[in-house]
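Structure assessment
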Amino acid sequence: MRRRNLRPFVFIPFLFLSLIFVILVFYTSRNHVSLSTGIKYRIHDTYQHESSLRIGSGDVNKEIQSIVNYDNVMEHRRDTAPNLYSISRTLPHWLVEYFVWHDVQRTKPSSKNKFLILTCHTHQTCGGLARRLGGLPYFLYLAEATDRILLIHWTKPVQLTEFLNPPKGGINWTIPKDIDPEKDGTNIDTKTCEGYSLSRYSQCLKNILERKERVITVTPSLSLKSYVKYFEKNGLDKTLDLNQEIDGEIFRIFFELSPPLATRMDETMIKLNLIPGEYVSVHHRASYPTEMAEDEYKWNSPSDYDNGEQLVLTVGNHTQITQETELITHVALQAVKCGALLLMNSDVYFASDSIVLVKALIKQSIYSRNFGIWWETDLKEDFRYDKNVHPIHLVSRQFKVTQENLHLDFKGFIGRPASDFYSVFEDLFVMASGRCVSYGVGDYGLLAARLTGNKSSCSWKHQKNNGYPNGFCMLDPR
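Anyway, here's the lowdown on the structure attached to this text. (Residues numbered from 1 in each chain as written. Predicted model: local features only at pLDDT ≥ 70, side-chain atom pairs only at ≥ 80, totals over all residues. Heavy atoms only, no water.)

Helix and strand counts for the chain come out as 17 helices and 14 strands. Expressed as a percentage of the 478 residues in the chain, the buried residues total 53%. The long-range share in the chain, meaning contacts at least 24 apart out of those at least 6 apart in sequence, stands at 72%. Accessible surface for the chain amounts to roughly 23,300 Å². Of this, 53% is attributable to carbon and sulfur atoms. (Helix = DSSP H or I, 4+ residues; strand = E, 2+ residues; numbered from the N terminus. Buried < 20%, exposed > 50% of the residue type's maximum accessible area, 1.4 Å probe, protein only. Contact = heavy atoms within 4.5 Å. Areas by Shrake-Rupley, 256 points an atom, 1.4 Å probe, with all protein chains shown as cover.)

Between helix H10 (residues 259-271) and helix H15 (residues 422-432), the least distance of the axes is 10 Å, while the angle of their chain directions is 55°. By the angle between their directions, the pair H10 and H15 is classed as oblique. In this structure, the crossing between H10 and H15 has a hand that is right-handed. Residues Pro 260, Leu 261, Arg 264, Met 265, Thr 268 and Met 269 of H10 touch H15, and the partners they reach there are Tyr 422, Ser 423, Phe 425, Glu 426, Phe 429 and Val 430. Class assignment for the residues of the contact of H10 with H15 results in 8 nonpolar, 2 polar and 2 charged. (Axes fitted to C-alpha atoms, helices over the stretch in contact; angles between N-to-C directions. Parallel < 35°, antiparallel > 145°, perpendicular 65-115°, else oblique. Left-handed = near helix turned anticlockwise from the far one by under 90°. Nonpolar A, V, L, I, M, F, W, Y, C, P; charged D, E, K, R; others polar.)

Let's shift gears to the state of the cysteines. Applying the stated criterion to the full structure yields 4 disulfides. Two residues share a disulfide in this structure: Cys 120 and Cys 126, whose sulfurs sit 2.0 Å from each other. Between Cys 120 and Cys 126 the disulfide shows an S-S torsion of about 100°. By sign, it is right-handed. Summarising the burial analysis for this pair, Cys 120 and Cys 126 share the class buried. (Disulfide = S-S within 2.5 Å.)

Before going further, it helps to spend a moment on the sheet that holds strand S14 (residues 460-461). Strand order across the open sheet formed by 5 strands is S12-S11-S7-S13-S14, with parallel pairing between neighbours. Looking at which strands have only one partner, the edges of the open sheet turn out to be strand S12 (393-395) and S14. With 3 bridges connecting them, strand S11 (residues 347-352) and S12 associate as parallel partners. Across the sheet, the residue bridging to Asp 347 is His 393, located in S12. Against the sheet, helix H12 (residues 327-342) makes contact with strand S7 (279-284), S11, S12, strand S13 (436-439) and S14, and its axis sits at roughly 160° relative to S7, the strand it touches most. (Pairing = 2+ DSSP bridges.)

Here we take up helix H13 (residues 355-364). Taken across its 10 residues, H13 has 7 buried, putting it largely inside the fold. Taken as a whole, H13 has its buried residues at Ile 355, Val 356, Leu 357, Val 358, Ala 360, Leu 361 and Ile 362.

With the exception of glycine, most residues fall at negative phi, and the peptide bonds are largely trans. A cis amide bond links Lys 156 to the next residue, Pro 157, at an omega of 0°. Inspection of the secondary structure puts Pro 157 in the loop between strand S2 (149-154) and strand S3 (164-165). We note that Asp 147 has phi near 55°; this positive angle belongs to a residue other than glycine. Tracing the backbone through its elements, the reader meets Asp 147 in the loop between helix H6 (136-145) and S2.

Turning our eyes to something else, we now look at helix H4 (residues 93-106). The end-to-end C-alpha distance of H4 is 20 Å, a good match for the 20 Å that 14 residues give at a rise of 1.5 Å each. Turning to H4, its buried residues number three or more, namely Trp 94, Leu 95, Tyr 98, Phe 99, His 102 and Gln 105. Along the long axis of H4, the arc covered by the buried residues comes to 140°, so they all point the same way. Among the exposed residues of H4, those oriented more than 90 degrees off its buried face are His 93 and Glu 97. Turning to H4, the residues buried within the fold contact H6, S2, helix H8 (224-234) and helix H9 (247-254). (Expected span 1.5 Å × (residues − 1). Arc of directions from axis to C-beta.)

Any two aromatic rings considered together are summarised by their centre-to-centre distance and by the angle between their planes. Counting across every chain of the model gives 21 aromatic pairs. Note on Tyr 85 and Phe 99: the rings are 5.5 Å apart at their centroids and 40° apart in plane angle, and the pair reads as tilted. Here Tyr 85, found in the loop between helix H3 (70-80) and H4, pairs with Phe 99, found in helix H4; they are 14 residues apart in sequence, far enough to count as distant. By the burial criterion, Tyr 85 is buried, and Phe 99 matches it. One aromatic cluster is present, built from ring pairs that chain together Tyr 85, Tyr 98, Phe 99, Trp 101, Trp 173, Phe 251, Phe 254 and Phe 255. Seen from the ring of Phe 399, Lys 359 lies directly overhead, with NZ or CZ sitting 6.0 Å from the centre. (Phe/Tyr/Trp six-rings, centres within 6.5 Å; stacked < 30°, edge-to-face > 60°. Lys NZ or Arg CZ within 6 Å of the ring centre and 35° of its normal.)

Moving on: the sheet that holds strand S4 (residues 186-188). The parallel open sheet is built from 4 strands, whose spatial order is S2-S1-S5-S4. In the strand order of this sheet, the two ends are held by S2 and S4, each with one partner. Ignoring strand direction, the axes of neighbouring strands in this sheet form an average angle of 30°. Bridging between strand S1 (residues 115-120) and strand S5 (residues 215-218) involves 4 bridges; their strand directions are parallel. The residue of S5 that forms the bridge with Ile 117 is Thr 217.

What follows is about the pairing of S7. Among the 6 residues of S7, 6 are classified as buried, and the element is accordingly described as predominantly covered. Of the two faces of S7, the one holding Tyr 279, Ser 281 and His 283 and the one holding Val 280, Val 282 and His 284 are both buried throughout. Alignment of S7 against S11, held across 6 bridges, turns out to be parallel. Along S11, the bridge assignment pairs Val 280 with Val 348. Note: S7 against S13, 3 bridges, orientation parallel. Bridge pairing in S13 links Val 282 to Ser 438.

This is how it looks when you write it as structure tokens:
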């Protein structure tokens, strides 16, 4: 019998292997997977259930965590796209078109353009970080609607570029040399149009911005909640998906941390073993003026932090004193519990305007490494905080610091070095780099939740507006 010629079939395994190799190369290049380090970063992810402002990948080993930092991720983004907004699937089309227009106009002489500048100068009342920058999406909507280039300029407490810079491939919001925002143009107050309905408020502001003045400056004066409400009414009705959370995307297109601040944040993340996208953040504003404070706190003259078994919370020129088991600690413990339930078995990063409260929770509360069953004291210190002993692993940058976060708007802080305010930005970006946020009253924690991109899906407000605990928590959506 004649033997069949099998030579053609010899190449079939090689063709099959070649096909697999081509598919792997295509998948790797499309999704930007680094096979050498195991670091994954997908440019087309919508970041749902991850952080849209994370500083690294969420599935890296701690041994290589030192190379997964903010600078590396931003450098990767710069190298893989001509600009940051072209790789986003979450931004509405009108906003991408505005960013393209913004880039083109910045190449022209400034005398040819009209500007909308968000300002905070020493003679102005500007509020904190969330009020100053939280309304950025809404002001982008106004700038686009009135053909103005949106810029940002601070002199209070220092220049914004001491903390944040425009990233390569992002939007250049810095001021041209021939414009002095403190002298040029007209300043408008966004409260001018208060009292109007949602739609008429924006039309009122647009009428002002459509004037002939080349430079118009605005000092944001409304709460973050108000700007979100106005933007969702007016800015998102131009896109099909009304549920997209784009704050984090806008922030990464506008801002990257200044080099010393980025280094400081990387060191904090590594020291606390926080892996971006794999932890929960909890924010509690202990000094917020609420009904709860007026009803429950005893006001006394200032005293030292240590007052026996009492918590001493310094607020302005007053000192709030209450037993550790009293309401303020109860609210904070409720905040941590709600955070832990958002992402089970994950680390919990705690931030507050009171370092006394931070130290009390980490040293004396039920989440402390000093609290546990009797034989825990016989364990080596490295094991005392093991998750088998403490299911909630509570950490904080503020545990070993002695300085509270300084408020950006306090006149008494003008003239202090920029480094004194680093912690305000550091806490915000650390919280925003987690997956979920448990936040209370005020706008700071809310802004962190919105920057994660998961405010609707796995973040929770643990307080009512009057300061009392919400009464219940949201469970892990997974």
